[in-house]
Amino acid sequence: MAITHPIPPSKEKLKRWLATFDANKDGRFSKEELRHAIKATGAWFPWSKANKAMHTADTNGDGFVDENEINNLVDYVEKILT
């Protein structure tokens, strides 16, 4: 499967790249938005990886990754997609 959106090389660029998948522009990421971001890279099993990303990054358990949890998400995305 071809990568349609290559992963940016720095954490700040990765945050900006992820922000493009914030479909409703609320500043938080839902599991569905994460799935779209992961799928855009061409990674296999994007739904499974989105579930794991949410479980890893969503430390307050509200079902979203917000600005306080974004570094957890960036660390996870770097780990699975690079």
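What counts, and where the lines are drawn
- Residues numbered from 1 in each chain as written.
- Predicted model: local features only at pLDDT ≥ 70, side-chain atom pairs only at ≥ 80, totals over all residues.
- Heavy atoms only, no water.
- Helix = DSSP H or I, 4+ residues; strand = E, 2+ residues; numbered from the N terminus.
- Salt bridge = Lys/Arg side-chain N within 4 Å of Asp/Glu carboxyl O.
- Buried < 20%, exposed > 50% of the residue type's maximum accessible area, 1.4 Å probe, protein only.
- Phe/Tyr/Trp six-rings, centres within 6.5 Å; stacked < 30°, edge-to-face > 60°.
- Lys NZ or Arg CZ within 6 Å of the ring centre and 35° of its normal.
- Core = buried A, V, L, I, M, F, W, Y, C linked by side-chain atoms within 4.5 Å.
- Contact = heavy atoms within 4.5 Å.
- Lys, Arg positive; Asp, Glu negative; His and termini not counted.
- Polar contact = N/O pair within 3.5 Å; in protein donor to acceptor, adjacent residues only side chain to side chain.

K.L.:
For this particular structure, what's the right way to read the environment of Lys52?
P.N.:
Note that Lys52 resides in helix 3 (residues 46-57). Distance in space between the C-alpha atoms of Lys52 and Lys31 is 9.5 Å, their sequence separation being 21 residues.

K.L.:
What exactly am I supposed to notice about the pattern of salt bridges here?
P.N.:
Any two side chains of opposite charge can pair, on the condition that their charged atoms come close. Following the criterion strictly, the structure yields four salt bridges and no others. Note that Asp75 and Lys11 form a salt bridge whose closest N and O atoms lie 2.6 Å from each other. Taken together, the residues Asp75 in helix 4 (residues 70-81) and Lys11 in helix 1 (residues 11-19) connect sequence positions 64 residues apart. Using a relative accessible area of 39% as the deciding quantity, one classes Lys11 as partly exposed. Between Lys15 and Glu12 there is a salt bridge, with the nearest N and O atoms lying 3.4 Å from each other. Of the two residues, Lys15 and Glu12 both sit in helix 1, three residues apart, roughly one turn of that helix.

K.L.:
Sorry if this is basic, but what is going on with the packing of aromatic side chains here?
P.N.:
Two measures describe an aromatic ring pair: the distance that separates the ring centres and the angle between the ring planes. Applying the stated criterion to the full structure yields two aromatic pairs. When the ring of Trp17 is compared with that of Phe21, the centres are 5.0 Å apart and the planes differ by 65°; the resulting orientation is edge-to-face. Classification of Phe21 as buried rests on a relative accessible area of 13%. We note Arg28 situated over the ring of Phe64; from NZ or CZ to the ring centre the distance is 3.6 Å.

K.L.:
Explain the nonpolar core to me, please; I cannot follow it from the model alone.
P.N.:
Core analysis: the biggest nonpolar cluster contains 20 residues, and Leu18, Phe29, Leu34, Val65 and Leu73 have the highest contact counts within it. Broken down by secondary-structure element, the contributors of at least two residues to this core are helix 1, helix 2 (31-40), helix 3 and helix 4. When residues no more than four places from it in sequence are discounted, the contact partners of Leu18 are Phe29, Ala37, Ile70, Leu73 and Val74.

K.L.:
Sorry, what's going on with the side chain of Asp22 here?
P.N.:
Looking at the secondary structure, you find Asp22 in the loop between helix 1 and helix 2. For Asp22, which is buried and forms no salt bridge, the nearest opposite charge comes from Lys25, at a distance of 6.0 Å. Here the side chain of Asp22 touches Gly27 through a polar contact of 2.8 Å, landing on its backbone nitrogen. With near-sequence residues (within four places) excluded, Asp22 lies in contact with Gly27, Arg28, Phe29 and Glu33.

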